[in-house]
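Chain by chain, the residues run as shown.
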Amino acid sequence: MLKVIKIDGKDVGPASSAGILANQTLYVAGQDGRNADGSLAKDFQQEVGQSLRNVQGVLRAAGMDFGNAVWINIYVTNAQDIAA
C-alpha cells in the first residue's frame, strides 16, 4: 500500500511529494533549508536547522518522528561549511 505524504502549506507541485509511505516504510524526498515562504536562511547553521525541521515535518505528517529514522543522508555542497 502506498500513501503520498504532503505537508500542509507547502506545495511541492503536482508531480512531486514530500514523502511516500510504502508498507510502513517512509521514503522522504530531499529537504533543503528553505523556509515555508521559500526564503533561504542567512547562514549555514540556520539552513541546516531549517532543513532538519523540514524533514521533521514530513515525519510528523506520516505519524513518525526522528526515533523512527534508520538512515539519513546529509549533503554539504561547500567544504568550508563542514566544520559548522
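Refer to the structure above for everything that follows.
**Q** How should the overall build of the protein be read in this particular structure?
**A** Along the backbone of the protein there are one helix and three strands. Seen in sequence order, the protein has helices and strands lined up from the N terminus as β-β-β-α. Judged by the C-alpha coordinates and their principal axes, the protein covers about 45 × 30 × 20 Å. Relative to its full complement of 84 residues, the protein shows a buried share of 23%. When contacts within the protein are restricted to residue pairs at least 6 apart in sequence, those whose partners lie at least 24 apart make up 29%. Just so you have it, the protein exposes about 6400 Å², and 52% of that area is on carbon and sulfur atoms. A gap of 5 Å separates the mean positions of the 7 positive and 8 negative side-chain charges of the protein.

**Q** Any chance you could explain the pattern of salt bridges here in plain terms?
**A** Pairing between side chains of opposite charge can happen when their charged atoms approach one another. Tallying each qualifying case throughout the model produces one salt bridge. When the shortest N-O distance is used, the salt bridge between Arg-34 and Asp-32 registers 3.5 Å. Overall, Asp-32 belongs to the partly exposed group, its relative accessible area being 39%.

**Q** Mind showing me how you'd approach the layout of surface pockets here?
**A** Where empty space is left becomes clear once a probe the size of a water molecule has been rolled over the atoms. Here the largest pocket defines a volume of roughly 760 Å³. Around the largest pocket, the lining comprises 29 residues; the ones closest to its centre are Gln-31, Ser-51, Val-55, Asn-73 and Ile-74. Where the lining of the largest pocket is concerned, the elements lending two or more residues are strand S3 (25–28) and helix H1 (44–61). Ranked by residue count, the leading element in the lining of the largest pocket is H1, at seven residues.

Rules of the game
- Residues numbered from 1 in each chain as written.
- Predicted model: local features only at pLDDT ≥ 70, side-chain atom pairs only at ≥ 80, totals over all residues.
- Heavy atoms only, no water.
- Helix = DSSP H or I, 4+ residues; strand = E, 2+ residues; numbered from the N terminus.
- Buried < 20%, exposed > 50% of the residue type's maximum accessible area, 1.4 Å probe, protein only.
- Contact = heavy atoms within 4.5 Å.
- Areas by Shrake-Rupley, 256 points an atom, 1.4 Å probe, with all protein chains shown as cover.
- Lys, Arg positive; Asp, Glu negative; His and termini not counted.
- Charge placed at Lys NZ, Arg CZ, Asp CG, Glu CD.
- Salt bridge = Lys/Arg side-chain N within 4 Å of Asp/Glu carboxyl O.
- 1 Å grid on protein atoms, 1.4 Å probe; cavity = no way out; pocket = protein on both sides within 12 Å on 5 of 7 lines; lining within 4 Å.
- Points joined across faces, edges and corners; volume = space filled by probe spheres on them.

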